[in-house]
Amino acid sequence: MATYLYRLGRYAFRRRRLVAGLWFAALALAVGGAVGLSGPTSDAFSIPGTESQKALDMLAERFPEAAAGGATARVVIAAPDGGKLTDPANRAAVGRLVTGLAAVPEVVSVTDPYRAGGVNEQGTVGYAQATFAVQSPELDDTSRDALAEVARAGRDAGLTVEMGGDALQEEEAQNVGEIAGVAVAAVVLVITFGSVIAAGLPLLTALLGIAIGLSAITAATGFIDLSASTSTLALMLGLAVAIDYALLIVSRYRHELSLGRDGEQAAGRAVGTAGSAVVFAGLTVFIALAALSVVGIPFLTQMGLAAAFTVLVAVLIALTLLPAMLGFAGRRILGRRLRARDPEGGGGAPGLGLRWARAVTRRPVTVLVAGVLGLGVLAIPALDLQLAMPDDSAAAPASTQRKAYELLADGFGAGFNGPLTIVVDAAGSADPAAAAERAAAAVRALPGVVAVTPARFNQAGNTALMTAIPATGPSEAGTEDLVYAIRGQDGALRAATDASLTVTGQTAIDLDVSGKLRDALLPYLAVVVGLALLLLTLVFRSLLVPLKATLGFLLSVAATFGAVVAVFQWGWLAGLLGVAQTAPIVSFMPIFLIGVVFGLAMDYQMFLVTRMREEYVHGAGPTEAVVAGFGHGARVVTAAAIIMTSVFAGFILSPESFIKSIGFALGIAVLFDAFVVRMTIVPAAMALLGRAAWWLPRWLDRVLPVADVEGERLRHLLDGGADGGADGQGDGGGDGG
């Protein structure tokens, strides 16, 4: 592979105008597609095969007037202090509010608090629920504006009016976090390279790749439904890895220039060696992200594939456009003060890296134990990990959603915030009304049920709809037990009436999502870890190095979960990080985080250990190879880790809780994995293993194809002059201009 990439790098350097022109044409095409083809995004859950989704599909077919899948706005009303909602003036104000809700565009039904039992026994708190014809992402802004106006009118009449429900969830705009992350990345690159040109190229190529990737994703929304979070996560990951990959190749290019090679040769060798690490690192990240498809939840599949696409674009740009841009920059990429010395091996930072590697390899047992124990302690909070889908209880304390949640819980009980929708399919029953009544009686008899509303039938009279109110909140264990208990009544109902019973609604959907994620976690880990182990075995031609890399990843993930629980669930440093409300961790974070962190962890493993293997293959002893390889890669990996952490940390500024928590989790995971695992535990373990680290059974060595990531074959080829012009002299090389 190194030989092919070497030739690709030289070609891109030599034909830089053509390569750059093709990429900018690709950008224009992608942007044009985004402008002309884009459609709306959607955050609606669709989980094929789950009971809740089957019930929604049946309601959409038989009971469309119920708008069971439409957005809802729950308007909670409280009487003025000392008054009641049954007082004539307050009752008239509530009546006007209900009339106003019915007039909101796209509203198909509104419950009257006085007729539907929506006023508590004390008469102090009531609620009305408006159901829309469309799902939340498709709601028009005029509908949301009209909702807000209705609430203002109610408050002007002296009532306390707060609103919850998914109708209030507007698509979040991008914030300054991305800009802050890029700004920090620019500063780190300038410090690392000592050259504005060298710092600018990784940023330029990364931004170009992100623009192409996000434009293509935006264009795809015209043909398929994509989550609103898809582009955000693709931006987060694509930007981070694109800068890292370019950083690695630019660093190697500067090193080759410092050895006296001309521009074309330096570009070819940089792409042939560092580019090989980029290919395999990118492939590992791609596998981890694309494997999210095995979970079977469409929006996770979309996020994974979109982010994988941006990573693929980042790899292609690093291998082609970057060497072309290096051709335009020439020796100016070294900076004035660095043109006379090795930018990779000289200066203070590489010396610090060498000193650190020597210190670690002198006391490998102590360092290894300290690193493992340290991450183990940080992982302790993960034992209290609680998972749930987000609801209004996790909203900011000052938000109307949170106030509505608390008013409803205080007035009626926590379960009113998580009603369960029960669907009775009586198409095969001789007496649908009796079947529905039997189902309602069975549900009322269950412990933990506060109330069951009378059944509503569709026009055909074969499908009934009722609502059960639990005694516990939507994210409490008692509600989950109740959902399964209600579903357990289906068998008896079928036997007695030939009717079936299913449970849906947001609470049931959330439980089904969590269950599907739990069931998919082990298969997902098996796919990701299995494929990555095969890939790493091919790259490093070792069994112990891939195994060690995977164990280190598990340590990083455990410590990351511990930090996430401490901040977002326990509230440690919550004020500093802008976490307005502690809550259980979003249930799909673990599987998403595992996939992303595994891919990123393998990046640093690839960057550091390929240099160690390169030194070992070139004749250095095991410990000497560890120290020398670490010394070459430490500065680059340090800069890459800081850049990636800053990019992720920028998303902590997002107002959206999920994006904030993912940004924090990925940022802290990079810090743990890069500085504790890859730059501390890995060299200590490699020193302890010695030559055994590179052991591979002979039969397996014969079977595996040779990837030549360390460039050994390329070195022999070039040193032997067998490339027919491999020296690059007089072949359009030079410094470029």
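Not measured: the values here are computed from a predicted model. (Residues numbered from 1 in each chain as written. Predicted model: local features only at pLDDT ≥ 70, side-chain atom pairs only at ≥ 80, totals over all residues. Heavy atoms only, no water.)

So, the overall build of the protein chain
Move 1: Assigned secondary structure in the protein chain consists of 25 helices and 11 strands.
Move 2: Computed over the C-alpha atoms, the radius of gyration of the protein chain is 30 Å, within 12% of the 27 Å expected from 2.2 N^0.38 for a compact globule of 737 residues.
Move 3: With respect to the three principal axes, the spread of C-alpha positions in the protein chain is 95 × 50 × 50 Å.
Move 4: Considering the protein chain as a whole, with its 737 residues, one finds that 56% of them fall into the buried category.
Move 5: In the protein chain, 80% of the contacts between residues at least 6 apart in sequence involve partners at least 24 apart.
Move 6: Accessible surface for the protein chain amounts to roughly 28900 Å². Of this, 60% is attributable to carbon and sulfur atoms.
Move 7: Treating the 51 positive side-chain charges of the protein chain as one cloud and the 60 negative ones as another, the clouds have centres 13 Å apart. (Helix = DSSP H or I, 4+ residues; strand = E, 2+ residues; numbered from the N terminus. Rg over C-alpha atoms; globule rule 2.2 N^0.38 Å. Buried < 20%, exposed > 50% of the residue type's maximum accessible area, 1.4 Å probe, protein only. Contact = heavy atoms within 4.5 Å. Areas by Shrake-Rupley, 256 points an atom, 1.4 Å probe, with all protein chains shown as cover. Lys, Arg positive; Asp, Glu negative; His and termini not counted. Charge placed at Lys NZ, Arg CZ, Asp CG, Glu CD.)

Brief notes about the environment of Val529
Move 1: Secondary-structure assignment places Val529 in helix α18 (residues 506-540).
Move 2: Dropping the residues within four chain positions of it, Val529 is found in contact with Thr550 and Phe598.

With respect to the packing of helix α21 (residues 589-617) against helix α23 (residues 657-689)
The angle between the axes and the distance between the axes are what describe a pair of packed helices.
Move 1: One can describe the packing of α21 onto α23 by two numbers: an axis separation of 9 Å at closest approach and a directional angle of 35 degrees. Considering how the two elements wind past one another, α21 and α23 form a crossing that is right-handed. (Axes fitted to C-alpha atoms, helices over the stretch in contact; angles between N-to-C directions. Left-handed = near helix turned anticlockwise from the far one by under 90°.)

Side note on the side chain of Glu615
Move 1: The topology assignment puts Glu615 in helix α21.
Move 2: Buried and without a salt bridge, Glu615 has Arg611 as its closest oppositely charged side chain, separated by 4.7 Å.
Move 3: What Glu615 contacts, discounting residues up to four positions off in sequence, is Ala620, Ala625, Ala628, Gly629 and His632. (Salt bridge = Lys/Arg side-chain N within 4 Å of Asp/Glu carboxyl O.)

Side note on the packing of helix α19 (residues 544-569) against α21
Move 1: The N-to-C vectors of α19 and α21 enclose an angle of 135 degrees; their axes lie 9 Å apart at closest approach. One way to sum up the angle between α19 and α21 is to call them oblique. The chirality of how α19 crosses α21 is right-handed. Residues Val545, Lys548, Ala549, Thr550, Phe553, Val557, Thr560, Phe561 and Val564 of α19 pack against Met589, Pro590, Leu593, Ile594, Val597, Phe598, Ala601, Met602, Gln605 and Val609 of α21.
Move 2: Looking at the contact of α19 with α21 residue by residue, the classes come out as 15 nonpolar, three polar and one charged. (Parallel < 35°, antiparallel > 145°, perpendicular 65-115°, else oblique. Nonpolar A, V, L, I, M, F, W, Y, C, P; charged D, E, K, R; others polar.)

What about the sheet that holds strand β1 (residues 72-78)?
Move 1: Strand order in the open sheet made by the four strands is β2-β3-β1-β4, with antiparallel pairing throughout. Looking along the sheet, the strands with just one partner apiece sit at the ends: β2 (107-110) and β4 (160-164). Direction aside, the axes of adjacent strands within the sheet are offset by 25 degrees on average.
Move 2: Taken strand by strand, helix α5 (residues 141-156) contacts β1, β3 (125-132) and β4, and its axis lies near 155 degrees from that of β4. (Pairing = 2+ DSSP bridges.)

Some thoughts on the pairing of strand β9 (residues 463-470)
Regular strands have side chains that alternate between both faces of the sheet.
Move 1: For β9, the buried fraction is high: seven of the eight residues fall into the buried class.
Move 2: Bridge analysis of strand β6 (residues 420-425) against β9 gives six bridges, and the strand direction is antiparallel. Note that in β9 the partner of Val423 across the bridge is Leu465.
Move 3: Where strand β7 (residues 449-452) lies against β9, three bridges are found, and the strand directions are antiparallel. Among the inter-strand pairings, Ala451 is bridged to a residue of β9, identified as Ile469.
Move 4: As consecutive antiparallel partners, strand β8 (residues 456-457) and β9 are separated by five residues, and within that stretch Gly461 has a phi angle of approximately 75 degrees, a positive value.

Concerning the pattern of salt bridges
Move 1: Under the criterion given, the structure shown has 14 salt bridges.
Move 2: Salt-bridge contacts for Asp512 lead to Arg487; the nearest nitrogen and oxygen are separated by 2.9 Å. Here Asp512 is found in helix α18, whereas its partner Arg487 is found in helix α16 (residues 477-487), with 25 residues between them in sequence. Just as Asp512 is buried, Arg487 falls in that class too.
Move 3: Across the salt bridge formed by Arg494 and Asp490, the nearest N and O atoms sit 2.8 Å from each other. Taken together, the residues Arg494 and Asp490, both in helix α17 (residues 490-497) and four residues apart, mark about one turn of the helix.
Move 4: What makes Asp490 buried here is its relative accessible area of 15%.
Move 5: Connected through shared salt-bridge partners, Arg10, Arg14 and Glu264 make up one network.

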